Amino acid sequence: MEHGKHVFRIVILVAVILAVVVLGRGLLIPKTYGLYGRFRGANVGEQMNIRPVLHAGAAACADCHGDQSTKRSAGAHKNVSCEICHAPLGAHVKADGTVVKPPIDRSFTLCARCHRKVAGRPARFPQVDLDQHVNGPVEGKVCLQCHDPHSPKP
Amino acid sequence: MSDCHDGCNGSRREFLSGTLKLAGGAVVTVIGGAALASSGSSAGAGAPLPGGGDYDWNEHLWAYLVDTTKCIGCGSCVRACKAENDVPEGFFRTWIERYVVGMDDSHVDSPNGGMDGFPPVQVGFVATKSFFVPKICNHCRATPCTQVCPVGASYRTKDGAVLVDADSCIGCGYCVQACPYGSRFIHPATHTASKCTWCYHRITKGLKPACVTVCPTQARQFGDLKKEGDPVRNVVEHDRVQILQGHLLTEPQCYYTHLDKEVR
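Residues numbered from 1 in each chain as written. Chains lettered and ligands numbered in written order. Predicted model: local features only at pLDDT ≥ 70, side-chain atom pairs only at ≥ 80, totals over all residues.

Chemist: Teacher, can you tell me more about the sheet that holds strand S3 (residues 106-109) of chain B here?
Modeler: By definition, the strands of a sheet pair up through backbone hydrogen bonds, in either a parallel or an antiparallel sense. Residues and elements named next belong to chain B. Spatial strand order, S3-S2-S4: three strands in an open sheet with antiparallel pairing. Unpaired on one side and paired on the other, S3 and strand S4 (127-136) mark the two borders of the sheet. Here the average twist between neighbouring strands, direction ignored, is 15°. Each of strand S2 (94-102) and S4 touches helix H2 (residues 76-85); the most contacted strand, S2, lies at about 160° to it. (Pairing = 2+ DSSP bridges. Helix = DSSP H or I, 4+ residues; strand = E, 2+ residues; numbered from the N terminus. Axes fitted to C-alpha atoms, helices over the stretch in contact; angles between N-to-C directions. Contact = placed C-beta atoms within 7 Å.)

Printed below as a string of C-alpha cells:
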C-alpha cells in the first residue's frame, strides 16, 4: 500500500501523455492523411483539378479552323502543333466561351528557334545557314515573305 | 538499518524503472495502433479518389520516353510547360541541355532552360558530335525526394507520378537537395517545393503532358505501362532503353534511347 501514491502519480502521468498524443494527432494530422499512404489523400484529387487545361492540341483547333488545319496536316509542318506558333488554345478561347484574338508571331525568331543552323540539331533536320541563305545573310528578315508556315516548301 | 536502506532504495529504483518502461510501452502501443489503423486503411486503396471523377489510378502506370536523336532544341516544350503550369520566371519543370562533345573535352549549356532556343556556340576544342537532351522529373519508383520529406507532403501516386502537396509542404528544401536530377525547386511565391507533375491535371483527363503535346518531332513521348500495345510500353518492353544515373538505384520512370556517355 505504501507504493499506492506512486502508482497513482504514474498512472496520471501516462494518462496525460496519452491525452496529449491523441489530441495532438487529431489536431495536427490532416483528415485524409494515410488514406492511400503517407500523404494527405485528398491532395490527389486536388492535383487533378489544380488548374484548367491550357494546351488542347491541334485536333481541338481544327474544330473551328478546318482549312488551315487540313493544309497543315498535308505539309511538312504536319507535326507542328498550332499552339507552338499561336499560343495555347486556353488563351484564345476562355473557359466561359469568350474568344480572345491570339497574338500571331510572324517574327524571324520564331522560325529560327527550329530552323537556324546551330550545333546540336540532328543533321537530317532542315536547317538554314543564315550566312548562305538566298543572297547573303538573312538574319532579321521575315521568313514568311517567301515561306508559307502552314505548308512550307524549302 | 543500512541493509534496509539499500534494500528499499533498490526496490524503489526497480519499481520506478519497471513502471516507466510499462508506461513507455503503453504510449508506443497506442501510437503504433494508430499508425497501423492508418496503414490498414491504405490497403483499401482501391476506393475511389476524392474529387477524381471517373479516373481510376489503379488502371494506369505512366512512363515517359525521350529519343535524344529526335530533339531539335526548339524549346517548345519548355514554353508550353511554363504556360500550362504557370512556372515562375527563372525556374523550370522541364528544360533542354545541349551537349557539344569532342575526344578531349565537352561543353554543356542550357541558356534559359532552352526556352528561347539555342544560339550558335563556339567551343575551344574540336567538337565531333553535338545533341540535345530534354530533362524532366524522372518520377522515380524508389525516389529519394519523398523519402526525405519530414511532413509527408511529397509522395508517389499509384499511377506513378511524384507529386507535392503544397498545403502540407513546409518549404524546408530537403527534397530539393535529395533529388539527384535537379528536378525540384522552391517556388519563389509560395515558398513550397515545386516540380513536374507530368501535368497530372491533364493525364487524368486522358490528355498527354503539355511538353509531349507540343513536341514537333516526337522526341518526347508519354505512355501507359499497364496498357497493352502502348507505343511507350512497347519500347520499354522490347527495345534497349537507358535511364539517368542508374547507379543511384532510384528506378526512374523516364526512359531514354540513344543516350551518350556524357549525359548524367
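Once the structure has been displayed, the description carries forward.
Chemist: It is not clear to me how the interface of chain B and chain A should be interpreted in this structure. Could you clarify?
Modeler: Often, the extent of an interface is quoted as the loss of accessible area on bringing the components together. Facing 59 residues of chain B, the contacting portion of chain A comprises 48 residues. Sorting the residues of the side of chain B that touches chain A by element identifies helix H1 (2-43), H2, S2, S4, helix H5 (200-203) and helix H6 (210-214) of chain B as the ones contributing at least two each. Per-element tally for the side of chain B that touches chain A: the top contributor is H1 of chain B, with 12 residues.

Chemist: Can you help me understand the pairing of S2 of chain B in this one?
Modeler: A regular strand places its side chains on the two faces of the sheet in alternate fashion. Residues and elements named next belong to chain B. Along S2, eight of the nine residues are buried, which leaves the element largely enclosed by surrounding structure. By the bridge criterion, nine bridges tie S2 to S4 in an arrangement that is antiparallel. Each residue of the ladder has a partner; that of Val101, found in S4, is Lys129. As judged from the four bridges shared by S2 and S3, these two strands associate in the antiparallel manner. Within the sheet, the bridge partner assigned to Arg98 lies in S3 and is Asp109. Joining the antiparallel neighbours S2 and S3 is a turn of three residues. (Buried ≥ 20, exposed ≤ 12 C-beta atoms within 10 Å, placed from the backbone.)

Chemist: Could you clarify how one ought to interpret the confidence of the model for chain A in this entry?
Modeler: Atomic detail in the predicted coordinates should be set aside for any region of low pLDDT. The predicted model of chain A has a mean per-residue pLDDT of 90, with 98% of residues at 70 or higher. Model confidence for chain A, summarised as mean pLDDT per element, is weakest for helix H3 (residues 58-62) of chain A at 91 and strongest for helix H2 (residues 42-48) of chain A at 95. (pLDDT = per-residue confidence, 0-100.)

Chemist: Sorry, what's going on with the sheet that holds strand S1 (residues 62-67) of chain B here?
Modeler: Residue and element names in this part refer to chain B. The strand order across the open sheet formed by three strands is S9-S1-S10, and the pairing between neighbours is mixed. Only two strands of the sheet have a single partner each, and these edge strands are strand S9 (220-224) and strand S10 (254-257). Between one strand axis and the next, the sheet turns through 25° on average, direction left out of account. Where S1 and S10 come together, four bridges link them in parallel fashion. Of the residues in S10, the one forming a bridge with Val66 is Tyr256.

Chemist: Can you walk me through H2 of chain B in this structure?
Modeler: Each full turn of the α-helix corresponds to 3.6 residues, which orients residues three or four apart in the same direction. The element H2 of chain B is largely enclosed, with a buried count of nine among its 10 residues. For H2 of chain B, the set of buried residues is Ser76, Cys77, Val78, Arg79, Ala80, Cys81, Lys82, Glu84 and Asn85 of chain B. Elements that come into contact with the buried residues of H2 of chain B comprise helix H5 (82-86) of chain A together with S2, S4, H6 and S9 of chain B. Of the residues one or two after H2 of chain B, Asp86 of chain B is the one with positive phi, at around 55°.

Chemist: I would appreciate a short explanation of the confidence of the model for chain B in the present structure.
Modeler: Residue and element names in this part refer to chain B. Taken as a whole, chain B shows an average pLDDT of 88; of its residues, 83% reach a score of 70 or greater. Contacts from residues 1-7, a stretch scored under 50 in pLDDT, to residues over four places away or in other chains number zero contacts. This complex was scored by the predictor with a pTM of 0.85 and an ipTM of 0.87.

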